[in-house]
Amino acid sequence: MVANRLFWEDDVTVAVANVHVHYRVPSTEHVSSSRSSRSARALTKVTGGQPKVLVRALAGVSLAAYRGESVGIVGTNGSGKSTLLRVIAGLEVPSRGQVVAETSPVLLGVNAALVPDLSGEQNVRLGCLAMGLSPEETERLIPDVVDLAGLGKAIHYPMKTYSSGMGARLRFAIAAAANPKILLIDEALSTGDAAFKERSERRMEELRAHAGTVFVVSHAAQVIEEICTRAIWLDRGRVVLDGPAVETARRYRSWAWNVSKGEHAAAKQQLKEAIEAGQPSRIELTTPIARGSWPRHARPH
Ligand SMILES: Nc1ncnc2c1ncn2[C@@H]1O[C@H](COP(=O)(O)OP(=O)(O)OP(=O)(O)O)[C@@H](O)[C@H]1O
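Scope of this entry: the structure provided in the associated data block. Keep in mind that what you see is a predicted model, and the values were worked out from it rather than measured. (Residues numbered from 1 in each chain as written. Predicted model: local features only at pLDDT ≥ 70, side-chain atom pairs only at ≥ 80, totals over all residues. Heavy atoms only, no water.)

### Regarding the overall build of the protein chain
Here is step 1 of the chain: Summing up its helical and strand segments, the protein chain has 10 helices and 11 strands in all.
Here is step 2 of the chain: When each of the 301 residues of the protein chain is scored for burial, the buried share is 47%.
Here is step 3 of the chain: Taking as baseline every contact in the protein chain between residues at least 6 positions apart, the subset at least 24 positions apart corresponds to 77%.
Here is step 4 of the chain: Of the roughly 15100 Å² that the protein chain leaves accessible, carbon and sulfur atoms contribute 53%. (Helix = DSSP H or I, 4+ residues; strand = E, 2+ residues; numbered from the N terminus. Buried < 20%, exposed > 50% of the residue type's maximum accessible area, 1.4 Å probe, protein only. Contact = heavy atoms within 4.5 Å. Areas by Shrake-Rupley, 256 points an atom, 1.4 Å probe, with all protein chains shown as cover.)

Right, dumping it as structure tokens:
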């Protein structure tokens, strides 16, 4: 558990300090409701659209990640997992709070932009160049990436012919090729088969062993338990628990089981106990950023 960490300890790779992400989303709730107020209907008439509501995707998340950690993020649909990864990747600017990373993180998302009409191999080349590798490095790495993806002859077929698992394998292999110090993985691992799972876990272990930090988002608590050293459980944009992966995954799994069985009182009690089990993290970016130059996705509190 990370508590009251002061910026900037030497082995910290990512610091997230009291981050909030809010979206304004059009909602038909008031418009379609038979009890919708006259003012809401009038507003709709005037704006020509639906009234907007505020969605709090992240509501005050703080954490510090360290070299050599693989950090799992678990939580139900809509709990804020992908938003947290996007904020760490610098793809989303927090509405409030700060994110600082030691080097630019590489985000491996289920939707990583590859070109469906190109073959797997052509996409490997494209992906490596897009991540900033030189043409020479790219050519040197292609055999390793192709090997890690393990797609056999299909590596020469257009990517649009791949199953979702095959696409995920290719994206993982490409992202790992760049040897990123900070690798963010959104669900991709859970779609591969057993052989790929083993290869990808070994590759992640290598990245971690080279003093990198890996974040993995997954619904599957078991995946997190198997491949992560630490896990963070998010619920409605808040950190419920941040601790050893096995402990967090065990509590999350048990809570999710009770929710799925409609045992709401028991689930509520477990959530309360999990929150009490962890101490609230407070990350303070107290001094100006001292080491090198940092990615820019930070906003003052
Ligand atoms: N671009 C967006 N515009 C509006 N609302 C968004 C946007 N992205 C996410 N949200 C909302 O923010 C909340 C958190 O979404 P997020 O995708 O981070 O959840 P998640 O935990 O990754 O979910 P899942 O497990 O289903 O992938 C949800 O309520 C979602 O509807």
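### Thoughts on the packing of aromatic side chains
Here is step 1 of the chain: By the definition in use, this model includes 3 aromatic pairs.
Here is step 2 of the chain: With a centroid separation of 5.5 Å and an interplanar angle of 70 degrees, the aromatic rings of Trp233 and Tyr252 are classed as edge-to-face. Separated by 19 residues along the polypeptide, Trp233 in strand E9 (residues 230–235) and Tyr252 in helix H9 (residues 245–260) bring together distant segments of the chain. For the pair Trp233 and Tyr252, one class covers both residues: buried.
Here is step 3 of the chain: Measuring from ring centre to ring centre gives 5.9 Å for Tyr252 and Trp255, while their planes differ by 35 degrees; the resulting arrangement is tilted. One end of the pair, Tyr252, and the other, Trp255, are both in helix H9, 3 residues apart, so they sit about a helical turn from each other. Of the two residues, Tyr252 and Trp255, both sit in the buried class.
Here is step 4 of the chain: One aromatic cluster is present, built from ring pairs that chain together Trp233, Tyr252 and Trp255. (Phe/Tyr/Trp six-rings, centres within 6.5 Å; stacked < 30°, edge-to-face > 60°.)

### Structural notes on the pairing of strand E10 (residues 238–244)
Here is step 1 of the chain: Strand direction decides the pairing type here: E9 and E10, joined by 6 bridges, are antiparallel. Pairing of Leu234 across the sheet is with Val239, part of E10.
Here is step 2 of the chain: Counting the residues between successive antiparallel strands, the hairpin from E9 to E10 contains 2 residues, one of them, Arg236, with a positive phi of roughly 45 degrees. (Pairing = 2+ DSSP bridges.)

### Points about the nonpolar core
Here is step 1 of the chain: Counting residues in each nonpolar core, the largest one holds 47 residues, and the members touching the most others are Leu170, Phe172 and Trp233.
Here is step 2 of the chain: The biggest single contributor to this core is helix H6 (residues 164–177), with 7 residues.
Here is step 3 of the chain: Per-domain counts for this core show at least three residues from each of domain 1 (5–21 + 58–105 + 180–284) and domain 2 (119–178). (Core = buried A, V, L, I, M, F, W, Y, C linked by side-chain atoms within 4.5 Å. Domains from an automatic or database assignment.)

### Let's talk about the sheet that holds strand E7 (residues 182–186)
Here is step 1 of the chain: Spatially, E6-E7-E8-E4-E9-E10 is the arrangement adopted by the 6 strands of the open sheet, whose pairing is mixed. Strand pairing shows two members of the sheet lacking a second neighbour, strand E6 (106–108) and E10, which therefore form its edges. Between one strand axis and the next, the sheet turns through 15 degrees on average, direction left out of account.
Here is step 2 of the chain: Note that strand E4 (residues 70–74) and E9 share 4 bridges and pair parallel. Paired with Val71 across the two strands is Arg230, which belongs to E9. (Axes fitted to C-alpha atoms, helices over the stretch in contact; angles between N-to-C directions.)

The values are spatial; any link to function lies outside them.
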